[in-house]
Amino acid sequence: MIILKRILDIFISIFLLIVLLPVFTILIILIKVSSKGPIFFKWNVIGKDGKPFTGYKIRTMIPNADYLKADLLGSNEMSGPVFKMTDDPRITKVGKILRKYSLDELPQLWSVFKGDMSLVGPHPPLQSEWSHFEDWHKRKLSVTPGLTCLWQVNGRNKINKFDDWVKMDLEYIDNWNIWLDIKILLKTIPTIIN
């Protein structure tokens, strides 16, 4: 079953990278004309078994966003080691649209193709967040992290406790089968559109 999951990851990611090439082109132009800075954001995260890797997202924030994060920690809406803020002032106007429809995540299809990520799996944490994980949190990365997960389709904007998020990841791990992946993928599309 794990081999089938990897085969699906490879073929679906290649297909989407090719089909979405015109979308990538439009997004790159939008980012370039709307704000200064790089097109892509280097995403330094932790993968399976605690192995770090660099992924890429389309940049949705102002260039010095990481340096301004410390000033916003008091507005964090998520308990635990992760940061979440609904009206984050660092996000650009175009970035808000990209995030609403998860278009900023599209470059991660390359990480799926390479094997650093899967289409479905627990969301990978930033390297700065990983060091604050409790031991039981770390089991979420006993599998390859994914683009979408149970948390994504079951209320990513409603859950504000990191422990609840991790419990969903562990539920996914403990009950995984290929049909669960397909179900999550199918539920992801309407979740992103709404």
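My aim in this report is to walk through the structure given alongside it, one point at a time. (Residues numbered from 1 in each chain as written. Predicted model: local features only at pLDDT ≥ 70, side-chain atom pairs only at ≥ 80, totals over all residues. Heavy atoms only, no water.)

**Concerning the layout of surface pockets**
This is how the line gets drawn: Definitions used throughout: a 1 Å grid over protein atoms alone; a cavity as a set of points that fits a 1.4 Å probe which cannot get out; a pocket as an open set with protein on both sides within 12 Å along at least five of seven lines; a lining residue as one with an atom within 4 Å of a point. Grid points are joined across faces, edges and corners, and a volume is the space filled by probe spheres set on the points. Per the convention used, a helix needs a DSSP run of H or I reaching at least four residues, while a strand needs a run of E reaching at least two, with both numbered from the N terminus. When residues are sorted by character, Ala, Val, Leu, Ile, Met, Phe, Trp, Tyr, Cys and Pro go into the nonpolar class, Asp, Glu, Lys and Arg into the charged class, and all the rest, Gly among them, into the polar class.
For the second largest pocket, the calculated volume is near 260 Å³. If you go around the second largest pocket, you meet 15 residues; those closest to its centre are Ile2, Lys5, Ser118, Val143 and Thr144. Looking at the lining of the second largest pocket, the elements that each hand over two or more residues are α1 (2-19), β3 (118-120) and α8 (162-174). For the lining of the second largest pocket, the leading source of residues is α1, giving four residues. Tallied by class, residues from the lining of the second largest pocket come to seven nonpolar, four polar and four charged.

**A closer look at the pattern of salt bridges**
Selection rule: When a carboxyl oxygen of Asp or Glu is within 4 Å of a side-chain nitrogen of Lys or Arg, the pair counts as a salt bridge. Burial here depends on accessible area, computed with a 1.4 Å probe over protein chains only, as a share of the maximum for the residue type. Under 20% is buried, over 50% is exposed, and the range in between is partly exposed.
Inspection of the entire model under this criterion finds six salt bridges. The partner of aspartate 181 in a salt bridge is lysine 5, with the nearest N and O atoms 2.5 Å apart. Of this pair, aspartate 181 sits in helix α9 (residues 178-193) while lysine 5 is found in helix α1, placing the two residues 176 residues apart along the sequence. One exposure class covers both aspartate 181 and lysine 5, and it is buried.

**Thoughts on the pairing of strand β1 (residues 40-46)**
We apply this condition: By this definition, two strands are paired if DSSP reports at least two bridges between them.
In terms of strand pairing, β1 meets strand β2 (residues 52-58) through seven bridges, oriented antiparallel. For asparagine 44, the partnering residue across the bridge sits in β2 and is threonine 54. In this antiparallel pair of consecutive strands, β1 and β2, the connection spans five residues, and aspartate 49 shows a positive phi of 60 degrees.

**Remarks on the nonpolar core**
To keep things clear, this is the line we draw: Each nonpolar core is a collection of buried residues, namely Ala, Val, Leu, Ile, Met, Phe, Trp, Tyr and Cys, held together in the definition by side-chain atoms within 4.5 Å. The contact criterion used is simple: two residues touch if any of their non-hydrogen atoms lie within 4.5 Å.
By size, the foremost hydrophobic cluster in this structure holds 36 residues, and its most contacted members are Leu98, Leu106, Trp151, Phe162, Trp165, Tyr172 and Ile184. With seven residues, the top contributor of residues to this core is α8. When residues no more than four places from it in sequence are discounted, the contact partners of leucine 98 are Leu27, Ile31, Ile58, Arg59, Thr60, Leu103 and Asp104.

**Observations concerning unusual backbone geometry**
Phi is positive for aspartate 49, which is not a glycine, with a value near 60 degrees. Topologically, aspartate 49 is positioned in the loop between β1 and β2. For serine 102, which is not glycine, the phi torsion reads 55 degrees and is therefore positive. Structurally, serine 102 can be placed in the loop between α4 (93-100) and α5 (108-114).

**A few points about the side chain of histidine 123**
Among the structural elements, histidine 123 can be located in the loop between β3 and α6 (127-130). Once you skip the residues sitting within four places of it in the chain, histidine 123 turns out to touch Trp43, Lys140, Gly146, Cys149, Trp165 and Asp169.

**Some points on the packing of aromatic side chains**
The cut-off we apply is this: Within 6.5 Å between ring centres, the rings of Phe, Tyr and Trp (the latter by its six-membered ring) count as paired, and their orientation is classed by plane angle as stacked under 30 degrees, edge-to-face over 60, tilted in between.
Taken as a whole, this structure holds five aromatic pairs when the rule is applied. Aromatic pair tryptophan 151 and tryptophan 165: ring centres 4.1 Å apart, planes at 15 degrees, arrangement stacked. One end of the pair, tryptophan 151, is in helix α7 (residues 150-153); the other, tryptophan 165, is in helix α8, with 14 residues separating them in the sequence. Its relative accessible area of 10% is what places tryptophan 151 among the buried residues. Ring geometry for phenylalanine 162 against tryptophan 165: centres 5.7 Å apart, planes inclined by 75 degrees, an arrangement best described as edge-to-face. Remark: tryptophan 165 and phenylalanine 162 occur in helix α8; sequence separation between them is three residues, near one turn of the helix. Tryptophan 165 matches phenylalanine 162 in its accessibility class, with the two residues each being buried.

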